[in-house]
Amino acid sequence: MTEQPLLKLTNVEASYGSIRVLKGINIEVPRGQIVALLGANGAGKTTTLRAITGLVKVTGGSIELEGESITRLPTEQVISRGVATSPEGRQVFAELTVLENLKIGAFALRDRSLVKKNLARVYAFFPVLKERHKQIAGTLSGGEQQMLSMGRALMASPRVLLLDEPSLGLAPLIVRDIFQIIKDLNSEGATILIVEQNALQTLKVAHYAYILEVGYLILQGTGRELLNNPSVKAAYLGGHIH
Amino acid sequence: MNKSTTFLPTLMPMLRLAWKKAWFRYVSFGVVLAALPLIPGMTSSNATILGSVVYFSIAALGFQVLLGYSGQISLGHTAFIGVGAYVSGYIVKELGLPFPLAVLAAAVLPFILGLVLGLIALRLEGYYLAIATLGLAESIRIVFIEAHGFTRGFSGFFSNYPRVLGYQFNKGSTYVFMVAILVALMILVYNFINAATGRALAAMRSSQSAAQAMGVSLFKYKLMAFAISTGFAGIAGAMYMHFFRYSDPTIWNSGLSLNLVVACIVGGIASIEGAVIGAAFVVAMPELLRIVPGLGSINGASFVLSGVVIILVLLFYPGGLVNVASDIGKLRSRLSKGSKHPERSTEYVAE
Amino acid sequence: MQIFFQNVIGGIEAGSMYALAALGLVLIYRTAKMSNFAQGTIGMFNAYIAYFVLARTNLPLPAVAILSVIVAFVVGALIELVIMRRASSTIPMGKPIMTLGLIIIFQGLAPMIFGPVPFQFPRFVQKPALDIAGVKMLPNTLVIISVTIILVAILFYVLQNTRLGLAVRVTAANETTARLMGVPTRAVSLGAWSVATALGALSAIMVAPLTSVTVTMMETIHLNSFIAAILGGFSTFHGPVVGAFILGVANNIISYYISSKWVVAILYTCILAFTIFKPQGLFGKAFVKKV
């Protein structure tokens with residue numbers, strides 16, 4: 001049986017002004033899996049996520065969440081249907097406390113008891129956030145800010161979690177922790193679409209991956225397949241293989 | 001047959017070639033503008049309106065450098081025009097110094113004022129320049145009212161038509177002189193914005209951070225643009241003082257500052273011709289409305305209308321009136337050729 | 001000493017009006033990322049409307065004041081919906097320039113509709129001045145100051161402690177990320193325009209009895225509220241309010257002890273000089289401008 005994918009992008013096109021950034025992207029994110037989107041800077045990875053969340057105008061194709069079209073919906077409606085993002089550069093609200101940051105993550109939820117439940121779950125997952133819930137987010141370390149950013153996204157009880165470059169600018173040890181967290185989240189049932197430059201680490205955790213090059217998908221396969229693909233090795237894993 | 005039939009074929013290509021040069025277009029425009037009062041039936045009051053257009057064009061041209069090319073707003077530019085007016089008047093009438101020196105001083109003093117204010121206000125983010133100029137204008141307005149020995153306060157300061165090297169100008173020749181100054185400044189601005197400075201300013205207007213990344217020293221160029229705009233305002237003031245031969249503090253009100261913004265936006269942002277078209281729009285509209293039955297009797301109708309027009313232009317025609325001719329041309333060629341050759345759009349793309 | 005306190009109280013009264021207006025400015029500046037130069041002019045227009053409602057009906061003054069604040073609230077929403085929202089693709093600086101267009105429109109319309117004669121606007125409380133240890137204070141002054149303090153307190157409570165306030169603060173901090181959290185940032189901008197315009201109108205109604213209703217009645221208040229925001233810093237909501245009270249008191253003290261003629265020039269020069277040393281204002285943090 002082929003189950004309907006949770007998130008499905010069909011021939012998605014998007015442009016900034018007159019520059020076409022996405023030239024027909026097809027991606028499927030099955031429930032309960034980690035799907036990765038890899039590629040160099042400027043390939044259109046972040047734009048793909050922005051197209052899903054409605055921050056970039058989709059000029060062609062369709063985006064479906066469990067069979068329902070979310071193409072061209074206003075951002076807040078996409079979010080309230082269960083798409084949560086941990087954006088590139090973490091983007092925690094630096095002047096707000098950790099707790100306030102988490103609360104804003106649950107903005108789309110009306111059910112207060114659910115918010116409470118989610119908060120308990122996030123605290124269980126990231127004990128450091130509980131310890132520092134009164135601290136101003138801007139004073140957290142990079143790794144802690146990444147945890148906050150992911151925890152904030154989890155506060156929305158998302159159906160799918162979009163992670164944009166979670167390892168960006170973090171020390172290698174912290175990067176390993178972050179990828180472990182991603183794996184743990186997934187084993188608890190989270191569906192994740194991750195955009196990364198760190199191809200090696202990502203392919204190790206991803207069930208399936210796509211490789212994007214200037215607006216086109218050029219390669220796809222399971223994490224293991226791509227790890228062993230010679231052209232992927234050459235282009236994306238080169239310096240990283242130990 | 002007369003000579004012109006043999007003369008024209010050789011002249012036309014030359015003219016076409018020359019027309020490509022900005023200075024030639026501006027000088028031709030100046031010649032036409034200077035000749036306008038000679039049209040039969042031109043009344044003295046219409047000639048005065050023309051004088052208003054020209055003096056205001058000079059101020060608008062400077063403002064265009066600021067608003068159009070560096071993307072900064074000043075809300076107190078009228079004060080710099082006023083300073084130019086009083087300084088030039090005082091130097092000629094009270095100190096008995098020659099007129100050219102007065103014009104120079106009327107340009108330099110506001111230029112320096114602009115440099116000093118800009119040094120402080122332009123370092124700050126946001127709309128600080130707008131507020132700082134508004135504050136300075138308010139302070140200068142008080143000087144205009146209170147510094148009686150310098151401005152004569154509300155009694156008003158009277159002056160004469162210019163006198164240069166023994167030649168006494170009259171109304172007509174003062175007008176021609178103003179046109180010449182305007183044309184010279186248009187050429188100056190053209191060269192300024194087409195030199196590296198202008199390109200830096202244009203980059204800055206579209207994205208400050210991007211320009212910074214390109215290594216453009218924003219501060220230096222912003223400061224330059226602001227000082228140029230205040231200097232031009234001063235020259236405009238000197239022209240005003242010696243064409244209208246009168247100044248009092250009520251003339252230099254905040255509405256005049258707003259009209260400079262209207263001129264640049266309605267005429268066409270970041271366009272030299274646009275500044276002049278916009279100045280003509282601002283000055284001429286009240287006069288044109290006077291002819292419209294019903295509206296003409298309402299005081300201030302044109303002011304309200306210019307507020308409506310500026311919003312409509314920004315919403316629906318952000319390129320301004322300067323594009324009307326070329327857009328009509330495009331529309332015509334599109335209609336005649338059909339939709340086979342889509343024309344390049346001149347619309348602004350959202351940032 | 002009594003004269004000194006007299007001046008301080010007068011300064012706090014003026015500062016109250018600056019504070020309300022400055023809070024309106026900073027709300028729009030932070031959430032809609034633009035300067036609203038027309039706030040004072042729209043307030044002036046509202047004061048005219050309030051005057052005529054008062055003159056033509058039997059409604060009590062507080063009711064008229066509340067009514068005109070509601071009208072301003074709606075006007076603010078309309079400006080956002082009809083003009084600003086459609087202006088997303090205009091030139092850089094287009095939106096603040098549009099508010100200059102609004103100034104021109106309302107400034108031109110006011111004398112056309114209401115005539116050139118200034119109108120005397122009644123005080124909220126007509127009772128004679130109280131004498132507190134030699135310092136005279138009109139009950140009306142007390143009303144103005146307390147209404148301001150109560151309103152500012154309510155607004156800050158909402159900003160700091162409610163879901164709505166959190167939405168406003170995150171929109172101000174980073175609009176894109178706020179949208180990614182599901183915050184309807186357009187609705188936040190709409191609300192900011194409404195509340196800001198209402199605050200501007202309230203400020204105008206408070207100043208009306210002191211200056212009478214004229215086209216230029218709000219010019220000083222408007223400029224001073226901007227300068228108060230610069231003094232306090234645009235990056236916080238409380239900075240401009242504190243700046244407003246400092247400005248109000250400083251204005252009165254300089255005016256009395258140094259020169260009433262040159263007070264404006266002295267004050268503005270001092271604040272301009274202050275910004276040389278602290279460009280972000282008293283409570284400001286460095287601005288990080290986005291691309």
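Residues numbered from 1 in each chain as written. Chains lettered and ligands numbered in written order. Predicted model: local features only at pLDDT ≥ 70, side-chain atom pairs only at ≥ 80, totals over all residues. Heavy atoms only, no water.

### Digging into the overall build of chain B
Rules: Strands here are runs of E lasting at least two residues and helices are runs of H or I lasting at least four, both read from the DSSP assignment and numbered beginning at the N terminus. Here a residue-residue contact requires only that any non-hydrogen atoms of the pair lie within 4.5 Å. Surface accessibility in these figures is a Shrake-Rupley result with a 1.4 Å probe; residues are shielded only by whichever protein chains are displayed.
Of the regular secondary structure elements, chain B holds 15 helices and four strands. Sequence separation of at least 24 residues holds for 76% of the intrachain contacts in chain B that already meet a minimum separation of 6. For chain B, the exposed area adds up to about 16,100 Å²; of that, 68% sits on carbon and sulfur atoms.

### A short note on the packing of aromatic side chains
This is how it is decided: Pairs were defined over the aromatic rings of Phe, Tyr and Trp, the Trp ring being its six-membered one, requiring ring centres within 6.5 Å. Orientation was assigned from the angle between planes: stacked under 30 degrees, edge-to-face over 60, tilted for the rest. Only protein chains enter the area calculation, which uses a 1.4 Å probe; residues under 20% of their type maximum are buried, those over 50% are exposed, and those in between are partly exposed. Lysine NZ or arginine CZ positioned within 6 Å of the ring centre and within 35 degrees of the ring normal marks a charge as sitting over the ring.
Under the defined criterion, the tally for this structure stands at 33 aromatic pairs over all chains. Aromatic side chains Y55(B) and F56(B) sit 6.0 Å apart centroid to centroid with 65 degrees between the ring planes, which places their arrangement in the edge-to-face category. Residue classification places Y55(B) among the buried residues on the basis of a relative accessible area of 5%. An aromatic cluster of at least three residues, connected via ring pairs, comprises F45(C), Y48(C), Y51(C), F52(C), F106(C), F114(C) and F119(C). In this structure, K93(B) packs its charged tip against the face of F157(B), placed 6.0 Å from the ring centre.

### Brief notes about a positive patch on the surface
What counts here: Like charges are joined within 9 Å and nonpolar side chains (Val, Leu, Ile, Met, Phe, Trp, Tyr) within 5 Å, but only among residues with over 30% relative accessible area and no salt bridge; these make up the patches. For salt bridges, the criterion is a side-chain nitrogen of Lys or Arg within 4 Å of an Asp or Glu carboxyl oxygen. Under the counting rule used here, the positive set is Lys and Arg, the negative set is Asp and Glu, and His together with the chain ends is not counted. Throughout, a charge is located at the NZ atom of Lys, the CZ atom of Arg, the CG atom of Asp or the CD atom of Glu.
Side chains of K103(A), R110(A), R112(A) and R163(C) sit close together on the surface and give a patch of like positive charge. Assignment of secondary structure puts R163(C) in helix α6 (residues 163-173).

### Regarding the packing of helix α12 (residues 254-267) of chain B against helix α13 (residues 272-291) of chain B
Residue and element names in this part refer to chain B. Basically, it comes down to this: Axis definition: a line fitted to C-alpha atoms, over the contacting stretch in the case of helices. Angles run 0 to 180 degrees between N-to-C directions. Our angle categories are set so that under 35 degrees counts as roughly parallel, over 145 as roughly antiparallel, 65 to 115 as roughly perpendicular, and the remainder as oblique. Helix crossings fall into two classes, left-handed where the near helix is turned counterclockwise from the far one by less than a right angle and right-handed where it is turned clockwise.
Between α12 and α13, the shortest axis-to-axis distance is 7 Å and the interhelical angle comes to 125 degrees. If you check the angle between α12 and α13, you find them oblique. Considering the relative orientation of α12 and α13, their crossing is right-handed. Residue-level contacts link N259, V262, A263, V266 and G267 of α12 to G274, A275, I277, G278, A279, F281 and V282 of α13.

### Brief notes about the side chain of S86(A)
As for its position among the elements, S86(A) is in strand β6 (residues 83-86). Sequence-distant contacts of S86(A), defined by excluding residues within four places in its chain, comprise Q146(A), S149(A), M150(A), A153(A), L162(A), L163(A) and D164(A).

### With respect to the interface of chain B and chain C
The figure often quoted for interface size is the accessible area lost as the parts come together. Defined as follows: Here the quantity called buried area is the accessible surface, traced with a 1.4 Å probe, that two parts lose on coming together, added over both. Here a polar contact is taken to be a pair of N or O atoms separated by no more than 3.5 Å, where protein atoms must pair a possible hydrogen donor with a possible acceptor and residues adjacent in sequence count only if both atoms sit in side chains. Following the grouping adopted for this structure description, the nonpolar residues are Ala, Val, Leu, Ile, Met, Phe, Trp, Tyr, Cys and Pro, the charged ones are Asp, Glu, Lys and Arg, and the polar ones are all others, Gly among them.
In this complex, chain B contributes 49 residues to the contact, which on the side of chain C involves 47 residues. For the pair chain B and chain C, the two sides together bury roughly 4,100 Å², of which 80% comes from carbon and sulfur. Where chain B touches chain C, the interface holds one salt bridge. A salt bridge links K261(C) to E146(B); the nearest nitrogen and oxygen atoms lie 3.5 Å apart. In this assembly, chain B and chain C are joined by two residue pairs in polar contact (both at pLDDT 80 or more). Elements represented by at least two residues in the side of chain B that touches chain C include exactly α5 (99-121), α6 (128-146), α12 and α14 (301-316) of chain B. Tallied by class, the residues present in the side of chain B that touches chain C amount to 31 nonpolar, twelve polar and six charged.

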